[in-house]
2 protein chains.
Amino acid sequence: MAMDPTPFETHPSRYRHWKLAVRGDTATLVMAVDGEHPHRPGYELKLNSYDLSVDIELADAIQRVRFEHPEVKALVITAELDRVFCSGANIYMLGSSSHTFKVNFCKFTNETRLYLEDASANSGLGSLCACKGTTAGGGYELALACDETMLVDDGNSAVSFPETPLLAVLPGTGGLTRLVDKRKVRRDRADVFCTTAEGIKGKRAKDWGLVDHVVSRSKWDEVVAERAKALAAKQTVARGPAVQLPELAPKVTDKLIAYRYVELAIDRGERTAALLVKGPEAAPPADLTSPELWGLRAFRELDDALLRVRFDLPDIGILTVRTSGDRKLVIAHDEALAKATTGFAREVRLLQRRVLKRFDNTARSFYAVADRPDSCFAGSLLELALGADRFYMLIDKAEAVAVETSVANQGFLTMSSGLSRLDARFYGEPGRAQKVAARGAEGPIPSEEAEEIGIATIAADDIDFEDELRIAVEERASLSPDALTGMEQSLRFVGPETLETKIFGRLSAWQNWIFTRANSTGEHGALTLYGQPERPQFQWKRT
Amino acid sequence: MAMDPTPFETHPSRYRHWKLAVRGDTATLVMAVDGEHPHRPGYELKLNSYDLSVDIELADAIQRVRFEHPEVKALVITAELDRVFCSGANIYMLGSSSHTFKVNFCKFTNETRLYLEDASANSGLGSLCACKGTTAGGGYELALACDETMLVDDGNSAVSFPETPLLAVLPGTGGLTRLVDKRKVRRDRADVFCTTAEGIKGKRAKDWGLVDHVVSRSKWDEVVAERAKALAAKQTVARGPAVQLPELAPKVTDKLIAYRYVELAIDRGERTAALLVKGPEAAPPADLTSPELWGLRAFRELDDALLRVRFDLPDIGILTVRTSGDRKLVIAHDEALAKATTGFAREVRLLQRRVLKRFDNTARSFYAVADRPDSCFAGSLLELALGADRFYMLIDKAEAVAVETSVANQGFLTMSSGLSRLDARFYGEPGRAQKVAARGAEGPIPSEEAEEIGIATIAADDIDFEDELRIAVEERASLSPDALTGMEQSLRFVGPETLETKIFGRLSAWQNWIFTRANSTGEHGALTLYGQPERPQFQWKRT
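Note that the structure is a prediction, hence the values are computed from the model and not measured. (Residues numbered from 1 in each chain as written. Chains lettered and ligands numbered in written order. Predicted model: local features only at pLDDT ≥ 70, side-chain atom pairs only at ≥ 80, totals over all residues. Heavy atoms only, no water.)

Before going further, it helps to examine the sheet that holds strand β12 (residues 213-215) of chain A. All names here are of chain A. Taking strand neighbours across the sheet as the criterion, the six strands line up as β1-β2-β4-β7-β9-β12 in an open arrangement whose pairing is mixed. On the outer flanks of this sheet lie β1 (18-23) and β12, each paired with one strand and no other. Within the sheet, the average angular offset between the axes of one strand and its neighbour, ignoring direction, is 20 degrees. As paired strands, strand β9 (residues 148-152) and β12 are joined by three bridges and run parallel to one another. Bridge assignment links Val-152 to a residue of β12, and that residue is Val-215. (Pairing = 2+ DSSP bridges. Helix = DSSP H or I, 4+ residues; strand = E, 2+ residues; numbered from the N terminus. Axes fitted to C-alpha atoms, helices over the stretch in contact; angles between N-to-C directions.)

This is the structure:
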């Protein structure tokens, strides 16, 4: 059972599918998919269709522009193909992928598109999707995630969602949700649009609110430059100084993935893994601007580890989450980041927020465990305990095992719902989150008290602790993975729903269901038969 | 292909599974499931487990208490079995049902539980679930829908959600959502609770917020009476005068279901149906208090027809919705109901609201069609056009085809999201709904103008109309039913999410997915094998 790791790390110098060019305050990201180099053999990436490899590069590019090119205020996403911007996720790839892969692929692409919106909302990086040709399915979903969308007016190029009429699936990478909830396209028009395979072009696309601008070929370059300039001029948030993101390059064996601050120990027989996140080794430097800053490096490593869990370790159902280090140092790093006035510091905190959201949205059970004297659930690392499904704490006589709060728990590191993890935990007791933060400011909260005030789920002394935890992990690992995914998706996201939670909760859940149905993925399903002469055969019962 | 109609109409005198007793301001509804009379042969309803027949009676009882017993201010739901309140939905029934049936059964039971909450929030009818014994799965979900929950403290009786650990499915009748979003149980405790098959009893059940009261056997009757009295005393909304709800008793053939105001013509070959709702024949009477009042009778008929579509006509994928009658009379009825100060009039409007929500939540495509001079999409009937996926209008020279607004479009008939259908339609243009209502107040809006202002999706003259509509219906009927259900669920519910939409959107979508997975319903799945010696075998990949 050897691991064939998915390479989530890349660099513009190694991109196969995109070209990133920075000029002044504008970056241009040209989609130029290399059809001969798909993520795995078996299909060709024609017509700027994409797969996981293409999206990994896109995610990398957005991240690097944020950190490495702080001068960039407008990101133009475009393509160079004649008459095609992007034809969406590759259908042969989808048709030949396992259910698990499809769902995780969609989740990752959803996260990447949300990162575009996050960069615009919080980091002074506006985005323009310049669609000089056919913009179909996932291609249009990418456009919807940008601030502005331009479509060429050539009498032919349309935006379209052919997923339902042609493939019997949904535009599930946020498409349906963004159409009516972000762009607020009228729902009856959205219904027509989503069932019209050839899409909508020209003036009607603009009138219906599907795109912002319809522009002729002759004026195309001029208007792109103009809109990019206007977008850049609108930005009020400054990033920087620039920091290059180095490779993480973990050591990977069959049993262990080891980064500098993060370790993932895998027990394939038990279908469990132990995730360890280490705190900083030293106080924050006077100048935080460093790629090796703990708050940046550790969370980038955690992000990479989570993606490997999702894609490369599908059988691992439950992870324990431990931390080790000096709580005071974590708090010092959190405070230094919060106090710093640089754009770089804010970028690091935004990255921490995104990584913690990725944690919330990872469909595995997480039990946080504090059972060692050097346990280090403080501040930004306490968020892992609050985000976990349960938090087990050992009651030790010395009260060395404890949690601590910091400024990082006070609202910046929000979940997709917009709530902080403390507010989500105490959703039933308004004001309790503040009280707990106030208590935390007074010093460490040992296990017994942590249980009393509602931070720990279960605290036990050393007579019971080990057995209780072991049994809880074994029991969890014995339950149906599907039921647990559905259960956790319902319990983790209490309170308000946002565009973001609607995409992961409502839209993704329906798409997951549809992916299991014979009408799409069965022998005679539309996704399976795409491109073949045989017509799909549907089961007609409506559910 | 003969129809075996599901009997949704019943009456307390015919109940097999519940006993309804009214005494003063308190009604007691005793669950006493007759195991020998399940909805269909093949399983026995042991231990107060329930199926569709049991839930049809519950829905009927709630409705009748609202209309027929306006003096009742507290509803006590309890059971008479020794040591068991309710053991939830019958597992053998679920295990042996088709996917389509399971999903529709869950949707109906969800609606019934929401009706309990609606009666409490809007109609002065509080509810107490008095659980004098084991309260498992759907039994506890019923309790969660009540205002107060009492659990007997006998050292044995627990509330529990064994669905995930024992059956590899979810507590999908609102259970997970109500736990954390309504009762606001801490999410890590909810996680423990939902994976602990034996449940939680006594003081801990109260401490965790799972129940409101834990009461000994000796004090049980006394406390039930006391709590019911307190609940009744809290109510501030008065219902009445009393109106008995007569049988609707439609004429049913293989091709037609015909009520007084509603007709459903079925074309099985085309997998389509034509729904017709007729307006009132006369102006509203001076005293509205009548079971035959158009606004009550017509919407009860529509409700019954929608349920028959869901359960008895699974192959019918798309319905055209037409109306006929005198628009002025519809508006006169709407206004009379809105002006009336009786509780009865408010009950009728609340019933209209519930029926229209049932319409929104029916997983079929609806194309509203106004193509006849007597078309009557006005006021409360215009809501059908606004709730439909599309609205086709014929442009006639005489401008006889038109829509009209009334007070019924101004906010009372909200969707599950809390938005009116006009606000949902113009979600992207705040203020437009008001403008349209103002224009409507000036008189009929003919087809061409209706298209211009955004009420009609498509308006066409008689040269094009018939072909355009025919092709649109044929096309819709040719698409995958599953993809359409997922698409409509995403496009219909724009804007805010509520407890209600979370139950139908997020929780139900995950449950539907889980119901298709081998781990629950496969040959070796937990739901399939329940009660048999064979242990379920799971596929371990996490999705």
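Let's shift gears to helix α12 (residues 343-360) of chain A. Taking 1.5 Å per residue, 18 residues should reach 26 Å; α12 of chain A reaches 26 Å between its end C-alpha atoms and fits that length. Within α12 of chain A, 17 of the 18 residues are buried, which leaves the element mostly enclosed by the surrounding structure. (Expected span 1.5 Å × (residues − 1). Buried < 20%, exposed > 50% of the residue type's maximum accessible area, 1.4 Å probe, protein only.)

It is worth spelling out the sheet that holds strand β1 (residues 18-23) of chain B at this point. All names here are of chain B. Read from one edge of the open sheet, six strands run β1-β2-β4-β7-β9-β12, paired in mixed fashion. Looking at the sheet topology across the chains shown, the edges are occupied by β1 and β12 (213-215). The sheet shows a mean angle of 20 degrees between the axes of neighbouring strands, taken without regard to direction. Pairing analysis gives four bridges linking strand β4 (residues 74-79) to strand β7 (residues 126-131), with the strands arranged parallel. Its bridge partner lying in β7, Val-76 is registered against Leu-128.

Many authors give the size of an interface as the accessible area that is lost as the parts come together. Facing the 85 residues of chain B at the interface are 84 residues of chain A. Interface area, chain B with chain A, both sides summed: about 8200 Å², of which 57% is carbon and sulfur. Our count for the chain B to chain A interface comes out at 18 salt bridges. Between Arg-517 of chain B and Asp-482 of chain A there is a salt bridge; the shortest N-O distance is 3.2 Å. Across the chain B-chain A interface, the total number found is 53 residue pairs in polar contact (both at pLDDT 80 or more). The greatest single-element share of the side of chain B that touches chain A, amounting to twelve residues, is contributed by helix α18 (residues 481-492) of chain B. For the side of chain B that touches chain A, the residue count by class is 38 nonpolar, 25 polar and 22 charged. (Contact = heavy atoms within 4.5 Å. Buried area = accessible area lost by both parts, 1.4 Å probe. Salt bridge = Lys/Arg side-chain N within 4 Å of Asp/Glu carboxyl O. Polar contact = N/O pair within 3.5 Å; in protein donor to acceptor, adjacent residues only side chain to side chain. Nonpolar A, V, L, I, M, F, W, Y, C, P; charged D, E, K, R; others polar.)

With an RMSD of 0.0 Å, the operation that places chain B on chain A is a rotation of 180 degrees combined with a shift of 0.0 Å along the axis. Seen this way, the second copy is the image of the first under a two-fold rotation axis. The overlap is high: 99% of the interface residues of chain B also sit at the interface in chain A, so the same surface is used on both sides. (Least-squares fit on C-alpha atoms with pLDDT ≥ 70 in both.)

What follows covers the pattern of salt bridges. Scanning all chains against the criterion turns up 98 salt bridges over all chains. Taking the shortest distance from any N to any O, the salt bridge between Asp-371 of chain A and Arg-322 of chain A comes out at 2.9 Å. In this pair, Asp-371 of chain A sits in the loop between β18 (365-370) and α13 (382-387) while Arg-322 of chain A sits in strand β17 (residues 318-324), placing the two residues 49 residues apart along the sequence. For Asp-191 of chain B, the salt bridge goes to Arg-476 of chain A, with nearest N and O atoms at 2.7 Å.

All right, on to the environment of Asp-287 of chain A then. All names here are of chain A. With respect to the helices and strands, Asp-287 occurs in the loop between β16 (272-278) and α10 (294-312). Since its relative accessible area comes to 52%, Asp-287 is described here as exposed. Along the backbone, Asp-287 and Phe-161 are 126 residues apart, and their C-alpha atoms lie at a distance of 48 Å. A distance of 2.8 Å separates polar atoms of two side chains, one belonging to Asp-287 and the other to Thr-289.

Turning next to the pairing of β17 of chain A. Residue and element names in this part refer to chain A. Extensive coverage of β17 is indicated by the burial of seven of its seven residues. Burial along β17 is two-sided: the residues Ile-318, Thr-320, Arg-322 and Ser-324 and Leu-319, Val-321 and Thr-323 are all buried. With seven bridges connecting them, β16 and β17 associate as parallel partners. Opposite Leu-276, over in β17, you have Arg-322 as the bridge partner. With α10 bridging β16 and the parallel β17, this β-α-β connection has right-handed handedness. In terms of strand pairing, β17 meets β18 through four bridges, oriented parallel. (Right-handed = clockwise from strand over helix to strand, strands pointing away.)

Here the focus is a nonpolar patch on the surface. Residues and elements named next belong to chain A. Taken together, Tyr-92, Leu-166 and Tyr-530 make up a surface patch of nonpolar side chains, about 280 Å² in accessible area. One can find Tyr-530 in the segment after α21 (526-529). What makes Tyr-530 partly exposed here is its relative accessible area of 30%. (Patch = residues over 30% accessible without salt bridge, like charges linked within 9 Å, V, L, I, M, F, W, Y side chains within 5 Å. Areas by Shrake-Rupley, 256 points an atom, 1.4 Å probe, with all protein chains shown as cover.)

Moving on, we come to the environment of Pro-70 of chain B. Residues and elements named next belong to chain B. Among the secondary structure elements, Pro-70 is positioned in the loop between α1 (52-68) and β4. For the pair Pro-70 and Val-243, spaced 173 residues apart in sequence, the C-alpha to C-alpha distance is 8.8 Å. Every residue in contact with Pro-70, bar those within four places of it in the chain, is listed here: Val-65, Arg-239, Gly-240, Pro-241 and Ala-242.

Another aspect to go through is unusual backbone geometry. Excluding glycine, most residues fall at negative phi; most peptide bonds, likewise, are trans. Residues and elements named next belong to chain A. Omega for the bond connecting Gly-240 with Pro-241 falls within 30 degrees of zero, at 0 degrees, which places this linkage in the cis form. Inspection of the secondary structure assignment puts Pro-241 in the loop between α9 (220-234) and β13 (251-252). Phi at Ala-168 takes a positive value of approximately 60 degrees, unusual for a residue other than glycine. With respect to the element layout, Ala-168 can be found in the loop between α5 (163-167) and α6 (175-182).

The subject of this paragraph is the nonpolar core. Ile-77, Leu-179 and Leu-210 of chain A together with Ile-77, Leu-179 and Leu-210 of chain B are the most contacted members of the largest nonpolar core, which has 174 residues in total. Excluding residues that lie within four positions of it along the chain, Leu-210 of chain B makes contacts with Tyr-140, Val-159, Leu-179, Arg-183, Val-185, Phe-193, Ile-200 and Ala-205 of chain B. Of all hydrophobic cores here, the second largest spans 65 residues; its members include Leu-248, Val-262, Leu-302 and Leu-381 of chain B. (Core = buried A, V, L, I, M, F, W, Y, C linked by side-chain atoms within 4.5 Å.)

With 99% of its residues at a pLDDT of 70 or more, chain A has an overall mean of 97. Predicted complex, confidence summary: ipTM 0.96, pTM 0.97. (pLDDT = per-residue confidence, 0-100.)

Let us look at the pairing of β4 of chain B. All names here are of chain B. Burial analysis of β4 places six of its six residues in the buried class, the great majority of the element. The side-chain alternation of β4 yields two buried faces, one formed by Ala-74, Val-76 and Thr-78 and the other by Leu-75, Ile-77 and Ala-79. Inspection of the sheet shows strand β2 (residues 26-31) paired to β4 by six bridges, in the parallel sense. Within the sheet, the bridge partner assigned to Thr-28 lies in β4 and is Val-76.

Tracing the chain through its elements places Cys-376 of chain A in the loop between β18 and α13. Residues Cys-376 of chain A and Ser-324 of chain A, spaced 52 residues apart in sequence, show a C-alpha to C-alpha distance of 4.9 Å.

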